Amino acid sequence: MVHRDPPASGTARSVSGSPELPAARTASDGPGDASPGGQVIPIRRNAAPAARFEPAVPHQPAPEAVPDVSPAPVPDTPATQAATYGLTATEAPYVSRETPTREEDDPPLAMEAMRAVQILNPSGEVTMPRPDRTRIMCVANQKGGVGKTTTTVNLAVALALHGNRVLVVDLDPQGNASTGLNVPHHTGVPDVYDCLINSVPLEEVAQTVEGIPNLWCVPATIDLAGAEIELVSVVARESRLDRAITAYPGHFDYVFIDCPPSLGLLTVNALVAAQEVLIPIQCEYYALEGLNQLINNINLVRQHLNPRLEVSTILLTMYDRRTRLADAVEQDVRNHFGDKVLQAVIPRNVRVSEAPSYGQSVMTYDPGSRGATSYFEAAQEIAERGVKEPVSRNA
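Throughout, residues of each chain are indexed from 1 in the direction in which the sequence is written. Residue-level local features of this predicted model are given only where pLDDT is at least 70; pairs of side-chain atoms are given and counted only at 80 or more, and the full residue set underlies all totals for whole chains, interfaces and linings. To get the side-chain values, all heavy atoms of the structure are used, and hydrogens and water are removed first.

Draft legend 1. Fine view of the pattern of salt bridges. When a carboxyl oxygen of Asp or Glu lies within 4 Å of a side-chain nitrogen of Lys or Arg, that pair is called a salt bridge. Applying the stated criterion across every chain, the model contains ten salt bridges. For arginine 322, the salt bridge goes to aspartate 320, with nearest N and O atoms at 3.0 Å. With a shortest N-O distance of 3.0 Å, glutamate 330 and arginine 334 are connected by a salt bridge. Of the two residues, glutamate 330 and arginine 334 are both situated in helix H13 (residues 324–337); the distance of four residues between them amounts to about one turn of the helix. Look at the salt bridges and you will find they share partners, linking Arg351, Glu354 and Asp366 into a network. Helix and strand assignments come from DSSP, with helices taken as H or I runs of at least 4 residues and strands as E runs of at least 2, each series counted from the N terminus.

Draft legend 2. Highlighting the sheet that holds strand S6 (residues 207–208). At least two bridges found by DSSP between two strands is the condition for calling them paired. Here we have seven strands laid out as an open sheet, ordered S6-S7-S5-S8-S4-S9-S10, and mixed in their pairing. Both outer strands of the open sheet, S6 and strand S10 (310–317), are each paired with one neighbouring strand and no more. Two strands pair when backbone bridges link them, and strand S5 (residues 166–170) and strand S8 (residues 254–258) are joined in this way by five bridges, in the parallel orientation. Within S8, the position partnered with valine 168 by the bridge is phenylalanine 256. Only heavy atoms enter the contact rule, under which two residues are in contact if any of them lie within 4.5 Å. Angular values range over 0 to 180 degrees, each being the angle between N-to-C directions of two axes fitted as lines to C-alpha atoms, with helices fitted over their stretch in contact. Relative to strand S9 (residues 276–282), helix H12 (residues 291–304) is tilted by about 175 degrees, and along the sheet it contacts S9 and S10.

Draft legend 3. Examining H12 more closely. A helix is expected to reach a length of 1.5 Å times the quantity of its residues less one. Taking 1.5 Å per residue as the helical rise, H12 with its 14 residues ought to reach 20 Å, and the 20 Å between its terminal C-alpha atoms agrees with that figure. For every residue, the accessible area obtained with a 1.4 Å probe (protein chains only) is divided by the maximum for its type, and the residue is called buried under 20%, exposed over 50%, and partly exposed between those limits. Among the residues making up H12, those that are buried are Leu291, Leu294, Ile295, Asn297, Ile298 and Val301. Down the axis of H12, the sector holding all buried residues measures 160 degrees, keeping them to one side. Facing away from the buried surface of H12 by more than 90 degrees, the exposed residues are Asn292, Gln303 and His304. Tucked into the core, H12 has its buried residues touching helix H10 (265–273), S9, helix H11 (285–289), S10 and H13. Arc definition: directions from the helix axis to the C-beta atoms.

Draft legend 4. Geometry of the packing of aromatic side chains. Two rings from Phe, Tyr or Trp (for Trp, the six-membered ring) form a pair when their centres are within 6.5 Å of each other. A pair whose planes differ by under 30 degrees is stacked, one over 60 is edge-to-face, and the rest are tilted. All told, the structure shown has five aromatic pairs when counted by the stated rule. Note on tyrosine 248 and phenylalanine 252: the rings are 5.0 Å apart at their centroids and 45 degrees apart in plane angle, and the pair reads as tilted. With relative accessibility at 17%, the residue tyrosine 248 sits in the buried group. Seen in terms of ring centroids, tyrosine 358 and tyrosine 365 are 5.1 Å apart; in terms of plane orientation they differ by 20 degrees. Their pairing is stacked. Here tyrosine 365 falls in the partly exposed class, since its relative accessible area comes to 23%. Here a set of aromatic residues connected by ring pairs shows up, and it is made of Trp216, Tyr248 and Phe252.

What follows is the structure in structure tokens.
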């Protein structure tokens with residue numbers, strides 16, 4: 001216990017030992033403003049009014065919060081805290097000013113690191129179930145900017161990181177999927193155009209994706225922009241891609257086909273080659289407008305060209321939880337498509353948009369971000385659905 005000097009005259013102390021506000025002093029006690037009764041009210045010029053009465057941290061008074069009962073500074077120890085708050089020395093906790101509080105030490109960063117390890121899967125174990133047969137999924141929507149390429153790239157990387165063999169076919173002349181996977185796709189590089197027009201085998205065109213095991217990509221160059229015109233006069237023009245994928249000698253668990261934002265011959269080739277259609281839907285009204293036409297085209301392809309085709313997966317993208325519109329669109333889509341809509345929803349996340357500028361998917365660019373976590377959950381849900389239901393149920 002620290003012994004202090006007796007309090008100055010006119011200073012009141014409580015029975016428990018905790019300090020009270022100084023009582024009014026006379027003019028002889030020191031400078032101040034004189035009251036009409038001849039007393040002087042002390043002025044505390046070195047302390048904020050709010051800090052004088054409330055401690056800054058529980059059980060740890062700030063220096064300004066302690067009244068000046070002694071001219072000498074009092075060390076902040078358990079004994080002084082006990083004297084200040086009326087506790088014994090064993091009851092008073094000692095909190096260092098350098099010690100972070102529980103909120104600062106507790107774990108957004110630790111949780112983010114745990115998610116990153118789970119997503120990156122450095123051990124390389126097969127943590128997502130592999131299908132019995134190859135699942136060929138066409139990622140299509142005639143509306144542009146809904147996240148087709150982003151969805152293709154991130155789902156493919158997530159599945160490949162967790163033990164699945166994945167092939168990405170970039171069927172968009174812009175070549176954005178090739179950019180997101182950091183695969184060369186400049187003029188002169190063998191690409192999917194050579195497979196469609198010149199019947200080049202797919203294994204001669206596919207490239208391994210650097211840094212991602214079990215992932216291959218068939219790039220697209222600007223030459224693909226003229227493929228639709230050239231395909232018009234080609235025999236069996238709608239099934240050129242299907243033949244190329246079927247003739248591939250290796251085995252894949254998943255083949256993702258990234259379609260252009262149109263319903264032309266390139267998209268028809270993708271629908272004929274695929275077994276399943278994955279439709280990303282942006283949580284805005286315009287994304288719903290052209291959906292009926294896309295469904296009608298899928299039905300036409302199923303009736304005349306590919307009877308095994310089915311819309312198996314709907315993924316909601318660019319969800320903004322701050323708006324009622326996003327929630328209304330989600331409810332409409334879930335009411336219309338039912339169980340085909342994934343429970344995982346992709347939020348608006350700047351990391352997802354930044355990743356392609358570094359030639360990466362968000363899964364490797366920032367694996368602890370909300371965008372990476374959401375795509376990981378979507379990939380896991382797709383993998384589990386493929387095991388629960390037979391892949392060729394409409395064949």
